[in-house]
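# Structural description and commentary
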Number of protein chains: 2
Amino acid sequence: MSDLPRPTDAELEILTVLWSRGPCTVRDVHEVIAQRRPAQYTTVLKLMQIMADKRLVSRDEKSRAHVYEAARPREVTQRQLAGDLLDRAFAGSAAGLLMGALGARKASKKELAEIRRLLDQFEEAR
Amino acid sequence: MSDLPRPTDAELEILTVLWSRGPCTVRDVHEVIAQRRPAQYTTVLKLMQIMADKRLVSRDEKSRAHVYEAARPREVTQRQLAGDLLDRAFAGSAAGLLMGALGARKASKKELAEIRRLLDQFEEAR
DNA sequence: GTTGACATGCGAAGATCTTCGTAGTAAGGT
DNA sequence: ACCTTACTACGAAGATCTTCGCATGTCAAC
């Protein structure tokens with residue numbers, strides 16, 4: 001399993017679009033991103049080309065408008081990013097990371113219950 | 001409360017030293033870092049000067065060897081970083097972030113218990 | 001076939017990050 | 001006073017990130 005570089009901020013933004021919409025053309029991605037902030041088409045294009053070079057995305061060139069797809073499923077990259085932050089800022093403490101997250105944004109009661117549920121499920125699976 | 005820029009990788013490494021050892025000279029920090037990887041003294045110096053410009057650290061120039069200190073306590077920066085990642089990669093889902101963390105590194109049974117404990121404590125405090 | 005719409009490729013600029021060498025300066029011992 | 005040592009300041013180079021304009025190519029419609 002080859003390991004990919006940690007995606008940069010701009011790259012991650014594009015990946016989130018690809019994860020939620022599935023394989024996309026540059027135009028598709030640009031439309032989504034341009035909705036939330038000013039961004040030129042060619043900027044998104046260039047980024048996606050670079051991501052293809054880095055193997056962060058795969059590219060299907062069969063049709064005129066190339067179709068890009070995230071190279072790895074969302075969960076795998078999320079694990080990479082969480083693990084990376086865990087090491088760099090939390091000395092490996094998942095509890096610390098969770099407290100950081102809960103302290104940073106209000107979590108609903110429902111979310112807390114969800115966390116407990118996942119915790120049970122996670123513990124069961126070992 | 002002024003908001004500080006997100007520390008870069010190299011800056012975060014220095015911050016972790018300052019958090020764990022308290023106020024330090026450049027030499028102190030360099031000694032710690034040089035132990036784990038090759039790094040020139042002036043590289044660390046320059047980084048810490050830049051961090052002072054950015055207000056990520058404060059600098060006491062009274063003695064010849066300036067003494068640096070993290071501008072904000074560890075927990076505050078951890079919250080910033082966790083919140084940032086939460087937004088950028090987990091669509092705000094703390095549960096997702098926790099699963100990412102647990103999936104990335106083996107968590108001991110003790111750590112899982114700790115998480116439950118903190119979760120109780122956190123929920124109580126609202 | 002010409003034109004218009006739309007796509008990629010390419011180069012380059014500006015910002016930031018990271019690295020380090022060199023120069024200058026202050027302190028302390030001899 | 002002088003020399004050594006230790007420290008800061010400064011400038012600059014190289015890498016990466018992010019941005020965008022322009023050239024070029026392709027396809028369909030007229």
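What comes next concerns the included structure. Worth saying up front: this structure is predicted, and the values here are computed from it rather than measured. (Residues numbered from 1 in each chain as written. Chains lettered and ligands numbered in written order. Predicted model: local features only at pLDDT ≥ 70, side-chain atom pairs only at ≥ 80, totals over all residues.)

## Here we look at the protein's contact with DNA strand D
For clarity, the threshold we go by: By convention here, the C-beta atom is placed from the backbone, and a residue is near a molecule or strand when that atom is within 6 Å of it. Strands are runs of DSSP state E lasting at least 2 residues, helices are runs of H or I lasting at least 4, and numbering of each runs from the N terminus. Each residue is assigned to one class: nonpolar for Ala, Val, Leu, Ile, Met, Phe, Trp, Tyr, Cys and Pro, charged for Asp, Glu, Lys and Arg, and polar for all the others, Gly among them.
The environment of DNA strand D is formed by 22 residues, the closest being T8(A), A10(A), Q40(A), T42(A) and K46(A). Of all the secondary-structure elements, those providing two or more residues to the surface near DNA strand D are helix 1 (9-21) and helix 3 (41-53) of chain A together with helix 2 (26-36) and helix 3 (41-53) of chain B. Top element by residues in the surface near DNA strand D is helix 3 of chain A. It accounts for 5 residues. Residues belonging to the surface near DNA strand D are distributed by class as follows: 7 nonpolar, 8 polar and 7 charged.

## So, the relation of the copies chain B and chain A
What counts here: All copies are superposed by least squares; the fitting set is the C-alpha atoms of residues with a pLDDT of at least 70 in both. By the convention adopted here, residues are in contact when the distance between their C-beta atoms, placed from the backbone, does not exceed 7 Å.
Of the two same-sequence chains, chain B is brought onto chain A (RMSD 0.0 Å, axial shift 0.0 Å) by a rotation of 180°. These values place the two chain copies in the arrangement generated by a two-fold rotation axis. Proximity to the rotation axis, assessed at the C-alpha, singles out L98(B) in chain B; its C-alpha lies 3.1 Å from the axis. In this assembly, 100% of the residues forming the interface of chain B have copies in chain A that are likewise at the interface, indicating an isologous arrangement.

## Side note on the protein's contact with DNA strand C
With respect to spatial proximity, 22 residues lie near DNA strand C, and among them A65(A), T8(B), A10(B), Q40(B) and K46(B) are the closest. Secondary structure elements with two or more residues in the surface near DNA strand C: helix 2 (26-36) and helix 3 of chain A together with helix 1 (9-21) and helix 3 of chain B. For the surface near DNA strand C, the class distribution of residues is 7 nonpolar, 8 polar and 7 charged.

## Here we look at the pairing of strand 1 (residues 57-60) of chain B
Residue and element names in this part refer to chain B. Let me state the cut-off plainly: Think of it this way: DSSP has to see at least two bridges between two strands before they count as a pair.
Two strands pair when backbone bridges link them, and strand 1 and strand 2 (residues 67-70) are joined in this way by 4 bridges, in the antiparallel orientation. Each residue of the ladder has a partner; that of D60, found in strand 2, is V67. Counted along the chain from strand 1 to the antiparallel partner strand 2, the turn is 6 residues long.

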